[in-house]
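Structural characterization, general
Listed below are the residues making up each chain.
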Amino acid sequence: MRAARIVAVGAIAGLVIVLVLSFRYDPHDIRSAAVGKPAPAFALPALEGGGTVELASYRGKVVVVNFWASWCIPCKQEHGALASAWSRYRTADVVLIGILYQDDPDAGREFMRRLGGGWPTAIDGDGRVALGFGVFGIPETFFISPDGVIAGRHIGPIDEETLVAGIEAIRIRAVGR
Amino acid sequence: MSARRVALALAVVALALAVAIGARPQPAGDTERVDAIAAELRCPVCQGLSVRDSPSETARQMRDLVAQRVREGRSDEAIRDEFRRSYGDWVLLAPPATGWTGLIWALPILLVAGGFLVAGGALRRPTGTAATPAPTPAQLAALRERVASEDAE
């Protein structure tokens with residue numbers, strides 16, 4: 001009887017612990033397995049002007065990779081923040097790379113012409129680069145440190161404050177090394 | 001043994017061999033392998049759908065990648081690992097039986113084992129009222145005397 005009671009109390013206590021831990025975790029908060037790992041190398045066709053956009057050519061700089069599409073409304077919402085960050089950092093050791101994902105290149109070019117931009121943008125035609133980064137849905141933004149490691153990720157439309165915080169966190173770490 | 005019987009015996013042996021060879025597990029073809037791996041992968045933009053079952057563009061791109069890796073001769077494990085590197089264990093519909101996710105597999109077994117232990121302990125315990133001590137010779141004598149006197153009445 002005593003053993004059964006101990007087992008029952010243990011089972012209930014275990015259940016309570018599991019529930020408490022589970023309720024603290026948001027099931028919609030998807031953790032990226034890519035953060036902390038080297039960014040997948042890519043060399044993709046550029047959206048404008050021909051040529052390729054190659055991640056390796058930006059080694060030694062802070063790289064912000066933003067996955068987007070012209071049909072994605074939140075991508076339109078965040079475009080102003082990306083443009084502000086680009087004009088703020090374009091002369092510094094920071095690069096913004098846009099990656100057009102699951103979209104028609106012509107629609108992507110029209111989007112950039114209409115909303116403005118100017119940062120390097122590439123076409124991920126078969127989605128391999130997005131799959132390599134572990135993209136769930138667009139827009140999604142990755143912060144890559146100068147040593148090529150993914151330092152952070154933001155799901156959904158990003159604002160300027162988050163962009164600056166992500167970039168500055170990497171720059172501070174890079175200076176500290 | 002007649003020639004007819006020998007021919008019959010040979011025919012039976014040949015048939016048995018043909019059945020045995022035919023029943024051998026055949027290595028899965030590329031399409032079957034792609035389907036099997038895609039069925040194990042979770043579609044990132046769906047709610048609980050596998051990459052095989054989802055009609056989404058992302059799932060199609062994942063299936064294409066699986067098919068390419070199969071054509072390249074990669075093992076199933078290597079293909080699964082490629083997706084795990086990007087999406088973590090989350091991308092597997094059946095979590096691996098190691099680390100924390102191993103608890104999901106181990107817990108039901110532990111609970112059943114615990115239940116058996118408790119049930120076994122309960123069965124071993126003597127049931128009913130506690131055993132009564134055997135009557136002393138004096139008590140027996142008194143009882144016999146009482147029965148005899150009641151019979152005499």
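Here the structure is a predicted model, which means the values were calculated and not measured.

All names here are of chain B. Orientation of helix H2 (residues 30–40) relative to helix H4 (residues 76–87), taken along the N-to-C sense of each, is 35°, at an axis distance of 11 Å. For the crossing formed where H2 meets H4, the hand is right-handed. Residues Arg33, Ile37 and Glu40 of H2 pack against Asp76, Ile79 and Arg80 of H4. Class assignment for the residues of the contact of H2 with H4 results in 2 nonpolar, no polar and 4 charged.

Our focus in this paragraph is the interface of chain A and chain B. Residue-level contacts link 17 residues of chain A with 16 residues of chain B. Of all the elements in the fold, those that place two or more residues in the side of chain A that touches chain B are helix H1 (2–24) and helix H4 (128–133) of chain A. The element best represented in the side of chain A that touches chain B is H4 of chain A, accounting for 4 residues. Across the side of chain A that touches chain B, the residue classes break down as 8 nonpolar, 5 polar and 4 charged.

All names here are of chain A. What helix H3 (residues 105–115) keeps buried is the set Gly108, Phe111 and Met112. The arc that holds the buried residues of H3, viewed along the axis, is 95°, so those residues lie on one side. Across from the buried face of H3, at angles greater than 90 degrees, the exposed residues are Asp106, Glu110, Arg113 and Arg114. Those residues of H3 that are buried lie in contact with strand E4 (94–101) and strand E5 (121–124). Glycine 116 sits one or two residues past H3 and shows a positive phi near 80°.

Residues and elements named next belong to chain A. Here helix H2 (residues 73–89) is 17 residues long and its end C-alpha atoms lie 25 Å apart, about the 24 Å a rise of 1.5 Å per residue gives. The axis of H2 is deflected most strongly, by about 35°, at histidine 79. Taken residue by residue, H2 has Cys75, Glu78, His79, Leu82, Ala85 and Tyr89 as its buried positions. Its buried side turned inward, H2 meets strand E3 (62–68), E4, H3 and helix H5 (160–176).

The next subject is unusual backbone geometry. All names here are of chain A. Geometrically, the link from isoleucine 138 to proline 139 is a cis peptide bond, its omega value of 0° lying close to zero. Mapped onto the secondary structure, proline 139 falls in the loop between H4 and strand E6 (140–144). Phi at glutamine 102 is positive, roughly 50°, even though this residue is not glycine. Following the sequence through the fold, glutamine 102 ends up in the loop between E4 and H3. Judged by local crowding, glutamine 102 falls into the buried class, with 23 C-beta atoms found within 10 Å.

Bringing the confidence of the model for chain A into the picture now. Averaged over every residue, the pLDDT of chain A is 91; the share at 70 or more is 93%. Confidence scores differ between elements of chain A, with H1 of chain A showing the lowest mean pLDDT of 78 and E3 of chain A the highest of 98.

Residues and elements named next belong to chain A. Read from one edge to the other, the open sheet built from 5 strands follows the order E5-E4-E3-E6-E7, with strand pairing classed as mixed. Of all the strands in the sheet, just E5 and strand E7 (150–155) have a single pairing partner and so form its edges. When strand polarity is set aside, the average angle formed by the axes of neighbouring strands in this sheet is 20°. Sheet topology places E3 next to E6; 5 bridges connect them, and they run antiparallel. Bridged to valine 64 within E6 is phenylalanine 143.

Residue and element names in this part refer to chain A. Structurally, valine 53 is set in strand E2 (residues 52–54). Classification of valine 53 by C-beta neighbours within 10 Å gives buried; the count is 21. For the pair valine 53 and asparagine 66, spaced 13 residues apart in sequence, the C-alpha separation works out to 13 Å. Non-local contacts of valine 53, meaning those with residues more than four positions away in its chain, are made with Leu44, Ala46, Ile97, Pro120 and Ala122.

All names here are of chain A. Most of E4 sits inside the fold, with 8 of its 8 residues counted as buried. Burial along E4 is two-sided: the residues Val94, Leu96, Gly98 and Leu100 and Val95, Ile97, Ile99 and Tyr101 are all buried. Here 7 bridges tie E3 to E4, and the two strands are oriented parallel to one another. Bridge pairing in E4 links valine 64 to leucine 96. Each parallel crossover has a hand, and for E3 linked through H2 to E4 it is right-handed. Relative to E5, E4 is paired through 4 bridges, and the arrangement is parallel. Paired with tyrosine 101 across the bridge in E5 is aspartate 124. Regarding topology, H3 serves as the crossover connection from E4 to the parallel E5, and that connection is right-handed.

Here is what the cut-offs are and how they apply
Residues numbered from 1 in each chain as written. Chains lettered and ligands numbered in written order. Predicted model: local features only at pLDDT ≥ 70, side-chain atom pairs only at ≥ 80, totals over all residues. Axes fitted to C-alpha atoms, helices over the stretch in contact; angles between N-to-C directions. Helix = DSSP H or I, 4+ residues; strand = E, 2+ residues; numbered from the N terminus. Left-handed = near helix turned anticlockwise from the far one by under 90°. Contact = placed C-beta atoms within 7 Å. Nonpolar A, V, L, I, M, F, W, Y, C, P; charged D, E, K, R; others polar. Buried ≥ 20, exposed ≤ 12 C-beta atoms within 10 Å, placed from the backbone. Arc of directions from axis to C-beta. Expected span 1.5 Å × (residues − 1). Bend = angle between axes of the 7 residues up to and from the residue. pLDDT = per-residue confidence, 0-100. Pairing = 2+ DSSP bridges. Right-handed = clockwise from strand over helix to strand, strands pointing away.

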